[in-house]
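# Understanding the architecture of this molecule
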Amino acid sequence: MEVIIQSDEKAAALLVARMVAKELRGNPHLVIGLATGRTMEDVYAGLVRMHEEDELDFSLCQTFNLDEYVGLAPDNPNSYRATMHRHLFSRVNLDLRNTHLPNGLAPDLEEECAQYEKSIQKCGGLDLQLLGIGQDGHIGFNEPLSALRSRTRVKALTPATLAQNAAYFGGPAQVPRRAITMGVGTILESRRCLLLATGKAKANIIAQAVEGPITAMISATALQLHPRCTVIVDEPAAGRLQGSDYYRWIFANEPEWAEFHS
Ligand code: PGA
C-alpha cells in the first residue's frame, strides 16, 4: 500500500483524476470500477474537465459501479445510476451500454448479484477500482463484518451509513435499508485500487484502515492485502497517520510519482 498526502481536498481529487486519466490514455479499453459519494464528485469534475479540454476519450472503456440501493429505480434521482449520470455519464463520451450498475429493482436479487460478477469477468476483470471510505470503514457497502472474501451480494446498511447518507434523502428513515454491493473479495481482485478520503472526519478511520490490524470489522483494512493499492488523502484526513513523514518521502522520491508532483 502507498499513501499520498495532498494539501487539500481539491488537490487530492485532482491527483486521483490524473491517475485515472493516465491509465485510460494507456488503455482506452480500461475497465474502471466507479464509486459514488461526495468525495468522488471532484474526481468526476476533474475527468469531465480533461474530457472537455484535453480530449480524454471514454468511448471504449467499460465502467462498473461498486453498489446500488435496493428498491430504487434507475431514474430515481437518489439512485446511484442517476447520480453517476449527473456527475459523469452524461458529461463525457461514455457509451451508456458500457456503464454497469447493479439493478436494485431486479426481481431476483441473488441472480442479479451473480450476473454482475459474471459481467465483470466477461469484460476481463476490473483494471482500476476507485474507492471512497465510510466512517465505519466500509468500501462499497461492505459494512462491518463483511467477509474478506465476499462477492457481490445484498447487504443491510448500518445506522451509521443511513445517517451518513440521510441528507440526500431528507432523513435517515427515507434511506433504503439495503444495497447490492461488490464484495470485499471482488474489490481485492481488481488490478489496481485508488482510495480517496478527505476531511478531518475521515482521519480516524484512515489511520485504522492503513496502519491498523486487518479485521472484518473494518472492510477497508483488507486493502492491505491488495498488491497495488494507493490511498490518497488530504492533510486533514492524514492527521492521525503515524507514518506520514515516510509516506511523504516516498511520494517525493520515487520516480513513479515524479510526473504527479504539483
Ligand atoms: P462520502 O462517502 O464520499 O460521501 O464520504 C464515502 C463512502 O461512504 O464510501
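Scroll up to find the structure.
Just so you know, these numbers come straight off a predicted model, no measurement behind them.

Right, let's talk about the pattern of salt bridges for a bit. Tallied over the entire structure, the rule returns eight salt bridges. For D42, the salt bridge goes to K10, with nearest N and O atoms at 3.2 Å. Linking D42 in helix α2 (residues 38-54) with K10 in helix α1 (residues 9-26), this pair joins segments that are 32 residues apart in sequence. Looking at D42, the relative accessible area reads 25%, which means it is partly exposed. Among the residues examined, K10 registers a relative accessible area of 53% and is labelled exposed. Residues R151 and E117 are paired through a salt bridge, measuring 2.9 Å at the closest nitrogen-oxygen approach. Here the residue R151 occupies a position in the loop between β6 (128-131) and β7 (153-156), and E117 occupies one in helix α4 (residues 109-122), the gap between them amounting to 34 residues. The network of salt bridges with common partners includes E117, R151 and E189.

Counting across every chain of the model gives eight aromatic pairs. When the ring of Y69 is compared with that of F141, the centres are 5.7 Å apart and the planes differ by 45°; the resulting orientation is tilted. One end of the pair, Y69, is in strand β4 (residues 67-69); the other, F141, is in the loop between β6 and β7, and 72 residues separate them in sequence. A relative accessible area of 1% places Y69 in the buried class. By relative accessible area, F141 is classed as buried at 2%. Consider the rings of F251 and W257, whose centres lie 6.0 Å apart with planes at 45°: the pair is tilted. Each member of the pair, F251 as well as W257, is classed as buried. Put simply, the rings of Y69, Y80, F141 and F169 touch in pairs and so form one group of aromatic residues.

Rules used throughout
Residues numbered from 1 in each chain as written. Predicted model: local features only at pLDDT ≥ 70, side-chain atom pairs only at ≥ 80, totals over all residues. Heavy atoms only, no water. Salt bridge = Lys/Arg side-chain N within 4 Å of Asp/Glu carboxyl O. Helix = DSSP H or I, 4+ residues; strand = E, 2+ residues; numbered from the N terminus. Buried < 20%, exposed > 50% of the residue type's maximum accessible area, 1.4 Å probe, protein only. Phe/Tyr/Trp six-rings, centres within 6.5 Å; stacked < 30°, edge-to-face > 60°.

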